[in-house]
Number of protein chains: 2
Amino acid sequence: MDFKEIKEFLLNCEDAVILTHKSPDGDTFGSAFALCRVLRNMGKRVNVLCSDGFPERYSFLYEGCEGDNTLIEPKCVIAVDIADVTLMGKNLACYQQEGAVDLCIDHHISNKHYAKKTYVDAQASATALVLYELFKYMEVEIDTQTASCLYTGIATDTGCFKYENTTVKAHIAAAELISMGVPFASINRRMFDLKSQSRIMVEQIATSNIEYYFGGKLSMIVITKELMQNSGAEDSEFDGIASIPISVEGVKMGITVKQRGSHTYKLSVRTTDEIDASQFCKNFGGGGHIRAAGCEISGDLDEVRGKILELAGKYFGV
Amino acid sequence: MDFKEIKEFLLNCEDAVILTHKSPDGDTFGSAFALCRVLRNMGKRVNVLCSDGFPERYSFLYEGCEGDNTLIEPKCVIAVDIADVTLMGKNLACYQQEGAVDLCIDHHISNKHYAKKTYVDAQASATALVLYELFKYMEVEIDTQTASCLYTGIATDTGCFKYENTTVKAHIAAAELISMGVPFASINRRMFDLKSQSRIMVEQIATSNIEYYFGGKLSMIVITKELMQNSGAEDSEFDGIASIPISVEGVKMGITVKQRGSHTYKLSVRTTDEIDASQFCKNFGGGGHIRAAGCEISGDLDEVRGKILELAGKYFGV
């Protein structure tokens, strides 16, 4: 389907709900609330839904636009930035059955084409960038708040224009959007610089347990059950630390080891481009991507550490 | 002076040295090595100089372009991104006397106009952005390496397009430069994500000493002489932690207290836009900017902490 078809679809839709993915991020929310505003400006009744609710962190995107399942009986269901129905989450299970979604707009090459109509631009840095180009094609008004939603989607999915997926179009869109008065510096501070007190604590615990091996080429952080319990933080809060070991200068492989059971440990492996993380994890029955993979190893901690270092030694020529 | 004049100056200059500021950053180096490459492409002899040498961190900018004081007797001296002669550093003292610098290209509004000719664009996000526009005006070839230098200058001075000083022009320039093949993702990883082992340790020490007051509106990190000595890191490595206390959600004022003498403590105060940091520091005989200021307080640590909390209490309505 092309922009012409989407335009016709949107002009004709009534009483729409816009679905976002679970564990919402800046792109799914930025896209959804931008689209919600544009459709509401056309006089339509529209709501945004998210299985995990609306975290305070994104309140600047949804203020006055919160979704409410009870408000309307949808005649039209639109999914944004959702590659697969399983990503909708358990509270949106009713939309996971075949034919439940009328239109899906996305930028993930892995999109499963579960909707009746799907528009995927896998070259786009963010779904919000697809929508920005669509809105320009449709010649709808983009006010400052809508521009802020679109900017947030593009900025968050590119790590603030830092990552490989940043394109010429992403920078051009950012230039145009900030010229519309987007308060980008405060958005970026909120999205990239601010950390919760417990996040600060979790990172402190992680870095105080960092180990270096093979002349600093391997770094490893081990988080035991005991450490998590003593911290008072939620176990899930420790999920975000997997990027820390690989962020150290000179490190080629960064491993985070998180205890699950009394004798099971979950590994998150990150590598620079010289080492295949998924290959490494396959040795322990896991898998993943070239630079980010995972697996589980059983044993007591000393055994697990020993198995990791034995295999890693082969990579670092020991 | 305008671009036409700078163009004539550069076309006519021979045996040039390009000066960068002490404690070099991505903008002074990016600007200098971009200009160096453009002038060398014109067949001129050119060197880049820096009082603090050429840190490994920036090797991707200077490879094959390192400066060497002995190589040429300069007939022409150009300063880039240096607002004041004092910023040249002690090893470039010979260029600090009046009339020593022929041309200065800068973007700091505070530029002291110490050079014979000065071009300052205070609206520009980075000196590298001024040079990019100049090169386009001059219609010189911008190869991938030169583009990488310019991109690095713009990216580093804007915090990767995150800060208030990011302009429409900065995004447009980034779009054009990355289309020239700049390996921006690896540059950004190096400039923004990688940390040294000792930096990781210093941050760990800092966050393990974080204190919260007034319901989390004030956060404070106290670094004593003893803590610094036990860490094994250089005292100066603790200078970078001043941004940590203000990075916590809900914090309106973040204070880093670093012990200098047995009874003197140096404060770095950062605030959100609701509180004037320089006003706060004036109470202790210091000063600075609205959101970043500093001062010194004498006394033992308990007295110093008491003085800070007493004054802060007035701000937080206690």
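Keep in mind that what you see is a predicted model, and the values were worked out from it rather than measured.

Student: I'd love a proper account of the interface of chain B and chain A, names of residues and values included.
Tutor: In this complex, chain B contributes 36 residues to the contact, which on the side of chain A involves 37 residues. Across the chain B/chain A interface, buried area totals approximately 3,300 Å², and carbon plus sulfur atoms make up 62% of it. Per-residue buried area on chain B facing chain A is highest for B:Lys162, B:His171 and B:Gln197; these three make up 19% of the total on that side. For the pair chain B and chain A, the interface holds two salt bridges.

Student: Tell me about the relation of the copies chain B and chain A, residues and numbers included.
Tutor: Its rotation angle being 180 degrees, the transformation that places chain B on chain A also includes 0.0 Å of axial translation and leaves an RMSD of 0.1 Å. On this basis, the relationship between the two copies can be described by a two-fold rotation axis. Most of the interface of chain B is mirrored in chain A: 100% of its interface residues are interface residues there too.

Student: Outline the domain arrangement of chain A, supporting the account with residue identities and numerical values.
Tutor: By the assigned domains, chain A splits into domain 1 (3-192) and domain 2 (197-315). For domain 1 of chain A versus domain 2 of chain A, the distance between C-alpha centres works out to 34 Å.

Student: Before we move on, could you go through the packing of aromatic side chains and cite the residues and values that matter?
Tutor: Applying the stated criterion to the full structure yields 27 aromatic pairs over all chains. When the ring of A:Tyr151 is compared with that of A:Phe184, the centres are 6.3 Å apart and the planes differ by 50 degrees; the resulting orientation is tilted. Of this pair, A:Tyr151 sits in helix 5 (residues 144-157) while A:Phe184 sits in helix 7 (residues 184-193), placing them 33 residues apart in sequence. With relative accessibility at 1%, the residue A:Tyr151 sits in the buried group. Residue classification places A:Phe184 among the buried residues on the basis of a relative accessible area of 7%. On the basis of an interplanar angle of 90 degrees and a centroid distance of 5.4 Å, the ring pair of B:Phe29 and B:Tyr58 is categorised as edge-to-face.

Student: Just give me the short version of the pattern of salt bridges, but keep the residues and values in it.
Tutor: Pairs can form between side chains of opposite charge whenever their charged atoms are close. Going through the model one piece at a time under the given rule, you end up with 38 salt bridges over all chains. For the salt bridge of B:Lys75 with B:Asp15, the shortest nitrogen-to-oxygen distance reads 3.4 Å. Here B:Lys75, found in the loop between helix 3 (59-62) and strand 3 (76-80), pairs with B:Asp15, found in the loop between helix 1 (3-12) and strand 1 (16-19); they are 60 residues apart in sequence, far enough to count as distant. Through salt bridges with shared partners, a single ionic network connects A:Asp15, A:Arg45 and A:Lys75.

Student: Help me get a handle on unusual backbone geometry, residues and values and all.
Tutor: The phi torsion at A:Cys160 lies on the positive side, around 60 degrees, for a residue other than glycine. Inspection of the secondary structure assignment puts A:Cys160 in the loop between helix 5 and helix 6 (168-178). A residue is classified by how much of its surface remains accessible, and A:Cys160, at 3% relative accessible area, is buried. Positioned with a positive phi, B:Asp15 is a non-glycine residue whose angle comes to about 45 degrees.

Student: Which residues make up helix 7 of chain A, and what are the values?
Tutor: Residues and elements named next belong to chain A. For helix 7, the full list of buried residues reads Phe184, Ala185, Ile187, Asn188 and Met191. Within helix 7, the buried residues cover an arc of 155 degrees as seen down the axis, which keeps them to one side. Its buried side turned inward, helix 7 meets helix 3 (59-62), helix 5 and helix 6.

Student: Requested: an account of helix 1 (residues 3-12) of chain A, with residues and values cited.
Tutor: Residue and element names in this part refer to chain A. Considered for burial, the residues of helix 1 that qualify are Phe3, Ile6, Phe9 and Leu10. The buried residues of helix 1 all sit within an arc of 120 degrees when viewed along its axis, so they share a single face. Buried positions along helix 1 lie against helix 2 (26-41), strand 3 (76-80), strand 4 (103-106), strand 5 (117-120) and helix 4 (127-138).

Student: Please give an account of the environment of B:His171 that cites residues and values.
Tutor: Position of B:His171 among the secondary structure elements: in helix 6 (residues 168-178). Distance in space between the C-alpha atoms of B:His171 and B:Met191 is 18 Å, their sequence separation being 20 residues. Not counting the four nearest positions on each side in its chain, B:His171 is found in contact with A:Phe161, A:His171, A:Ala174, A:Ala175, A:Ile178, B:Phe161 and B:Thr166.

Student: Which residues make up the side chain of A:Gln259, and what are the values?
Tutor: Residue and element names in this part refer to chain A. Relative to the elements of secondary structure, Gln259 occurs in strand 8 (residues 253-261). A polar contact of 2.8 Å, which involves the side chain of Gln259, links it to the backbone nitrogen of Lys225. In this structure the side chain of Gln259 is engaged in a polar contact, spanning 3.5 Å, whose partner is the side chain of Tyr265. When near neighbours in sequence (up to four residues on either side) are disregarded, Gln259 contacts Ile223, Thr224, Lys225, Met228, Thr264 and Tyr265.

Student: An account of the environment of A:Glu237 is needed here, citing residue identities and associated values.
Tutor: Residues and elements named next belong to chain A. Mapping Glu237 onto the fold places it in the loop between helix 9 (225-231) and strand 8. Along the sequence, Glu237 and Ser198 sit 39 residues apart, while their C-alpha atoms lie 8.1 Å from each other. If we skip the residues at most four places from it in the chain, Glu237 touches Ser198, Arg199 and Val202.

Student: So what's going on with the packing of helix 8 (residues 197-208) of chain A against helix 8 (residues 197-208) of chain B? Residues and values would help.
Tutor: Two elements in contact, helix 8 of chain A and helix 8 of chain B, have axes separated by 9 Å at closest approach and are oriented at 135 degrees. Compared by their axis directions, helix 8 of chain A and helix 8 of chain B come out oblique. The handedness of the crossing between helix 8 of chain A and helix 8 of chain B comes out as left-handed. On helix 8 of chain B, the residues touching A:Ile200, A:Gln204, A:Thr207 and A:Ser208 of helix 8 of chain A are B:Ile200, B:Gln204, B:Thr207 and B:Ser208.

Student: Outline the confidence of the model for chain A, listing residues and values.
Tutor: Here chain A shows a mean pLDDT of 94. Residues at 70 or above account for 98%. Reported for the predicted complex are a pTM of 0.91 and an ipTM of 0.91.

Student: Tell me what's going on with the side chain of B:Asp106, and back it up with residues and numbers.
Tutor: Residue and element names in this part refer to chain B. Assignment of secondary structure puts Asp106 in strand 4 (residues 103-106). We note that Asp106 is buried and unpaired, the nearest opposite charge coming from Lys112 at a distance of 9.9 Å. The residues contacting Asp106, other than those within four sequence positions of it, are Asp81, Ile82, Ala83, Asn111, Tyr119, Val120, Asp121, Thr127 and Val130.

Rules used throughout
- Residues numbered from 1 in each chain as written.
- Chains lettered and ligands numbered in written order.
- Predicted model: local features only at pLDDT ≥ 70, side-chain atom pairs only at ≥ 80, totals over all residues.
- Heavy atoms only, no water.
- Contact = heavy atoms within 4.5 Å.
- Buried area = accessible area lost by both parts, 1.4 Å probe.
- Salt bridge = Lys/Arg side-chain N within 4 Å of Asp/Glu carboxyl O.
- Least-squares fit on C-alpha atoms with pLDDT ≥ 70 in both.
- Domains from an automatic or database assignment.
- Phe/Tyr/Trp six-rings, centres within 6.5 Å; stacked < 30°, edge-to-face > 60°.
- Helix = DSSP H or I, 4+ residues; strand = E, 2+ residues; numbered from the N terminus.
- Buried < 20%, exposed > 50% of the residue type's maximum accessible area, 1.4 Å probe, protein only.
- Arc of directions from axis to C-beta.
- Polar contact = N/O pair within 3.5 Å; in protein donor to acceptor, adjacent residues only side chain to side chain.
- Axes fitted to C-alpha atoms, helices over the stretch in contact; angles between N-to-C directions.
- Parallel < 35°, antiparallel > 145°, perpendicular 65-115°, else oblique.
- Left-handed = near helix turned anticlockwise from the far one by under 90°.
- pLDDT = per-residue confidence, 0-100.
- Lys, Arg positive; Asp, Glu negative; His and termini not counted.

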